[in-house]
Amino acid sequence: MGKLRSDAGKVEFGDFQTPIDLADEVCELLASRGVAPGSVVEPTCGVGNLLVAALEAFPDVRAAHGMEVNEAYVSVARARLAELDKGARAEVERANFFEADWPSWIARLPEPILFVGNPPWVTSADLGYLKSHNIPEKTNFHGRAGLDAITGKSNFDISEWLLVKLLSWLAGRRATIAMLCKTAVARKVLLFGWQRGFNIGSAAMYGIDSAKHFGAGVDACLFVCELEEASGQQVCAVFPSLRAPSPAGSFGYREGALVADTVLYDRWKCLIGESHYKWRSGVKHDCAAVMELACAEDGRLVDGTGESVAIEGRFLYPMLKSSDVAREGQPVPRRWMIVPQTFVGEDTAAIAKAAPRTWAYLSRHRARFDRRASSIYKGKPAFSVFGVGDYTFSPWKVAISGLYKKLEFKVIGPFAGKPVVLDDTCYFLPCATEAEARLLGRMLGSSAAQEFFSAFVFWDAKRPITTELLRRLDLARLAAVLGVEEEFREHWGAGSSRSPEPAVEPAVARARG
């Protein structure tokens, strides 16, 4: 029969087999919720633990089906089902669920239908890297455009693909989807369903200990979605565990956005608007070993390979990484970054004459630049970077780390007579003066701004802080609420390239009190 599990196979197929005790607990919970299926389907059934648990928890099931691509798992699952008293109701088919004709297959199932399972916990990019054939047809899954598609925002979890497809395939049927998955995946699937008007009657997420059950360091849950007449509430209850008697909170869909806290959203939705200051990302170079230089104790600059670097200062700038910005207290640069361009696409050949030692150093490491995987560098000048423009070299900035799970904004000024640059995991507002930066820092640190952002932030996300989040806040409206309109307008008017000043709406005036 062969090995049931190998490290390579586990990665390729996203193989996290559901422990028997967890499978039993899942099905007991579903039964307590009133789920009483006529048919049960597990689309990636593995060795069949969830399928067996479902047959034992729901004695009135008329048909049960499992699908699995791994031949060894299929044999084990069939043997386990054969041992059950009513195992004749169940069958396990060896098939790739990416290739199955699900709509035709689902049409034959007696209602209510229960889709239960533990689909692969890997992404399309992971499987592409492994050259796996166990992957959906390659498409830009979310319809991303431009740089978002190129830089990976079109990447998606395989479980997300399956769950979204299930919503479509089960449209118009009485069904329950109950899947073990990452919490971020469950939210994306609900957002997809709510945006497109699927008949989602109720939804819930029950936290599970993924480290205990699967040895996986991710936030995971049992995602339960009842498909029936739409409730119209578009809210998901969040339970801390499978045995929790009541939810610890809820999130929902409001006015086109996924909201982490509906109470805070209702309180501060008057601040939603176009951000007339534009949030920027730091410099993206994908070559830290060459571009980022550390300061040795003796004052030398040393690159990531350990090489001592003696180059001109013209293209060198003090830098901060996410960890520096997130650190307690005022961040102090400990590294320097080579920034070879002042705008995206700028010809870098002039560096050879303007800073010959810098050019020679970069040229010695050209092979490292050529190995950068992202297609954004293809066809661009040598040593190109992204996320660079006039804003990169603004003398003052208000910055936040995109990786660390806290809403803490830092005011950053020049260092050693030069503007500080940030890496691409940081976001910032460029400012012309210290006074402007200090004002914006106070505004963003206010309770109003903190609660506004908290209404949208899911702290278990890989990057809880994003430019999409930051740009939701209209700083002019915030200034009105905080009573600093005149000071804000004074600094705003100093920016020649900024958008026209917006009018403050009555709702903002009311929020100010």
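Details of the structure are given in the entry above.
I'd like a description of the overall build of the protein, backed by residues and values.
Summing up its helical and strand segments, the protein has 22 helices and 20 strands in all. Each of the 513 residues in the protein was classed as buried or not, and the buried ones make up 52%. Looking at the protein alone, contacts between residues at least 24 apart form 72% of all its contacts between residues at least 6 apart. For the protein, the accessible surface area stands at approximately 23200 Å², while carbon and sulfur atoms represent 50% of it.

Give me the lowdown on helix α3 (residues 49–57), citing residues and values where you can.
The buried fraction of α3 amounts to seven of the nine residues, a majority that puts the element mostly inside the structure. What α3 keeps buried is the set N49, L50, L51, V52, A53, A54 and L55. In this structure, the buried residues of α3 make contact with α2 (20–32), β1 (39–42), β2 (63–68), α4 (71–82), β3 (90–94) and β4 (113–117).

Break down the side chain of T358 for me, citing the residues and quoting the values.
Residue placement: T358 occurs in helix α15 (residues 356–364). Residue T358 is classed as buried on the basis of its relative accessible area of 1%. At 2.8 Å, the side chain of T358 forms a polar contact with the side chain of E312. Ignoring any residue separated from it by four or fewer positions in sequence, one finds T358 in contact with I311, E312, I338 and I351.

If you had to explain the pairing of β4 to someone new, which residues and values would you point to?
The buried count for β4 comes to five of five residues, which makes it a mostly enclosed element. Here β4 shows two buried faces, one formed by I113, F115 and G117 and the other by L114 and V116. Bridge count between β1 and β4: three bridges; the pairing is parallel. What sits directly across from S39, in β4, is I113.

Provide a residue-level description of the packing of aromatic side chains, including the pertinent values.
Tallied over the full model, the rule gives 23 aromatic pairs. Between Y391 and F428 the ring centres are 6.3 Å apart and the planes differ by 45°, which places this aromatic pair in the tilted class. One end of the pair, Y391, is in the loop between α16 (366–370) and β17 (396–401); the other, F428, is in strand β20 (residues 426–431), and 37 residues separate them in sequence. The class for Y391 is buried, based on a relative accessible area of 17%. Of the aromatic side chains, those joined through ring pairs into one cluster are F98, W102, W105, F115, W161 and W169. Note that R372 overlies the ring of Y377, its terminal NZ or CZ placed 3.7 Å from the centroid.

Give me the lowdown on the nonpolar core, citing residues and values where you can.
Ranked by internal contacts, the top residues of the largest apolar core, which has 45 residues, are W102, F115, L163, L166, L170, I177 and F223. Within the residue set of this core, elements represented by two or more residues are α5 (102–107), β4, α8 (158–169), β5 (175–182), α9 (183–195), β6 (200–208), β7 (220–227) and β9 (249–254). Tallying contributions element by element places α8 first for this core, with eight residues. Of all hydrophobic cores here, the second largest spans 41 residues; its members include Y265, A449, A455 and A476.

The rules behind these values
Residues numbered from 1 in each chain as written. Predicted model: local features only at pLDDT ≥ 70, side-chain atom pairs only at ≥ 80, totals over all residues. Heavy atoms only, no water. Helix = DSSP H or I, 4+ residues; strand = E, 2+ residues; numbered from the N terminus. Buried < 20%, exposed > 50% of the residue type's maximum accessible area, 1.4 Å probe, protein only. Contact = heavy atoms within 4.5 Å. Areas by Shrake-Rupley, 256 points an atom, 1.4 Å probe, with all protein chains shown as cover. Polar contact = N/O pair within 3.5 Å; in protein donor to acceptor, adjacent residues only side chain to side chain. Pairing = 2+ DSSP bridges. Phe/Tyr/Trp six-rings, centres within 6.5 Å; stacked < 30°, edge-to-face > 60°. Lys NZ or Arg CZ within 6 Å of the ring centre and 35° of its normal. Core = buried A, V, L, I, M, F, W, Y, C linked by side-chain atoms within 4.5 Å.

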